[in-house]
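Here is how the chains run, residue by residue.
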Amino acid sequence: MARPPLEVADVFRAHGAAWRKGNAGHVSLGQLKVMSAIETCRTAALGGHVERCHDCAHERVAYNSCRNRHCPKCQAAAARQWLEDREAELLPVPYYHVVFTLPAALGAIAFQNKSAVYDLLFRTAAQTLTTIAADPKHLGARIGLSAVLHTWGSALTHHPHVHVIVPGGGLSPDGSRWIACKPGFFLPVRVLSRLFRRLFLEGLAALHAAGRLVFLADLAPLADQRAFDAALAPLRRSEWVVYAKRPFAGPKAVLAYLARYTHRVAISNSRLIALDEKGVTFKWKDYRVDGRDRFKTMTLAAYEFIRRFLLHVLPSGFHRIRHYGLIAGAVRADNIERARQSLAAAENASQPSREADSRAEDVSPARRCPCCGGRMIIVETFEGPRPWRSPSPSRIRIDSS
């Protein structure tokens, strides 16, 4: 796989040391670990392995990945594995995409309390959907959903929101039958928005009352209960954004979408354009503009680019992909099987064969020989820089991708 002309790692290597020095004492351990991981990813510092083509014996050296979930280079393999695990769980029904977004006024509170507020965002989005879906006036069914947290806007600003993928229907309360939603319509967005607003503000107030929120710098006055209540008052009357997109075209479209969203990081290397004395130039999308004019470029000073990227480092151990309702926890397999039976779906038609999976792995670009297209196999591993050898030049190609 060809290396992009510019990577986030290049920005960190060029300006990371100075940025860390200039922000000493104001950078979390998690952010420092992310910077270090990205800087050393797929370099000799992490060791590597030698691969040889099973067919033509072509060899290449590849360096190990950091496997950090914030690294733009380490998410493709993780996404593929996650999708393989999820593929067999898809049901033969339309799937819907719903987005729950926090108001900008709550952004600073969310940033200073990532674990508590992001967790609350997950729980209230899931509770909103399952509650409205269970209401006989709307669907009257128990649903399942998968939620993915994103904390960024296209310009790397802090913009917490949750993407939810949900089947267009659910099991009846007694589990005896499948109840489908109306064609092209899942649940009323206005109703979802109002309940989401109420549940989230109630949950935030409970966190404050329990002393689980911290308020630093300009937010320090919000530690007082009256100041906190006053700050939330306007939010109880404003409209909160809950956006429901049109249903996917089918299970394959769901997988294609999930491949792009589940393991996405704040910015991909493909969006980077230049790194020079002006700073970092990258592509971004202005959603306030329609048409082609929404695609723009932005240049940030390198220090500001690093700061914005690190805004989106999640707390250690925080799960950014979660499942609720019918597809949560230990009941997942039983509920999926029950739904299939209710839908009269043949199990072997909805699950990919292992033979097909094996073929897909055989031709994976990451394991394909650049000379003949054959399968590359690992023949040697090494820690740190590989000792120098003198192989035939025609047999060795250094590839840090």
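All values derive from a computational prediction rather than experimental measurement.

Asker: Describe the environment of V99, naming the residues involved and giving the relevant values.
Answerer: Turning to its location among the elements, V99 is positioned in strand β3 (residues 95-101). Of the residues examined, V99 reaches a relative accessible area of 8% and is grouped as buried. Filtering out sequence-adjacent residues up to four positions away, V99 remains in contact with H161, V162, H163, V241, V242 and Y243.

Asker: If you had to explain the packing of aromatic side chains to someone new, which residues and values would you point to?
Answerer: For the structure shown, the criterion picks out ten aromatic pairs. Taken together, a centroid distance of 6.2 Å and an interplanar angle of 70° make the contact between Y118 and F318 edge-to-face. With a gap of 200 residues between them, Y118 in helix α5 (residues 114-134) and F318 in the loop between α9 (302-310) and β12 (321-325) connect regions that are remote in the sequence. For the pair shown, Y118 and F318 are each scored as buried. Taken together, F100, F196, F200 and W240 form an aromatic cluster joined through their ring pairs.

Asker: How would you sum up the packing of helix α1 (residues 8-22) against helix α2 (residues 29-40)? Please name residues and give values.
Answerer: Remark: α1 packs on α2, axes separated minimally by 9 Å, with the N-to-C direction vectors making an angle of 135°. If you check the angle between α1 and α2, you find them oblique. The handedness of the crossing between α1 and α2 is left-handed. For the pair α1 and α2, contact is made by V8, A9, F12, R13, G16, W19 and R20 and by L32, M35, I38 and E39, respectively. Per-class residue counts for the contact of α1 with α2 are seven nonpolar, one polar and three charged.

Asker: Tell me about empty space enclosed by the protein, and please be specific about residues and values.
Answerer: According to the stated counting rule, one finds one cavity of 30 Å³ or more in the structure shown. The calculated volume of the largest cavity comes to roughly 240 Å³. Mapped by element, the contributors of at least two residues to the lining of the largest cavity are α3 (75-87), β4 (144-152), β5 (158-167), α8 (251-261) and α10 (332-342). With four residues, the single largest contributor to the lining of the largest cavity is α10. Looking at the lining of the largest cavity residue by residue, the classes come out as 13 nonpolar, four polar and three charged.

Asker: So what about the environment of A126? Which residues, and what values?
Answerer: Of note, A126 is situated in helix α5. Since its relative accessible area comes to 6%, A126 is described here as buried. Apart from the residues lying within four places of it in its own chain, the contact partners of A126 are L145 and Y324.

Asker: Describe the side chain of E89, and please don't skip the residues or the numbers.
Answerer: Tracing the backbone through its elements, the reader meets E89 in the loop between α3 and β3. In this view, E89 contacts Y95, R332, I336 and R340; residues no more than four positions away in its chain are not counted.

Parameters at a glance
- Residues numbered from 1 in each chain as written.
- Predicted model: local features only at pLDDT ≥ 70, side-chain atom pairs only at ≥ 80, totals over all residues.
- Heavy atoms only, no water.
- Helix = DSSP H or I, 4+ residues; strand = E, 2+ residues; numbered from the N terminus.
- Buried < 20%, exposed > 50% of the residue type's maximum accessible area, 1.4 Å probe, protein only.
- Contact = heavy atoms within 4.5 Å.
- Phe/Tyr/Trp six-rings, centres within 6.5 Å; stacked < 30°, edge-to-face > 60°.
- Axes fitted to C-alpha atoms, helices over the stretch in contact; angles between N-to-C directions.
- Parallel < 35°, antiparallel > 145°, perpendicular 65-115°, else oblique.
- Left-handed = near helix turned anticlockwise from the far one by under 90°.
- Nonpolar A, V, L, I, M, F, W, Y, C, P; charged D, E, K, R; others polar.
- 1 Å grid on protein atoms, 1.4 Å probe; cavity = no way out; pocket = protein on both sides within 12 Å on 5 of 7 lines; lining within 4 Å.
- Points joined across faces, edges and corners; volume = space filled by probe spheres on them.

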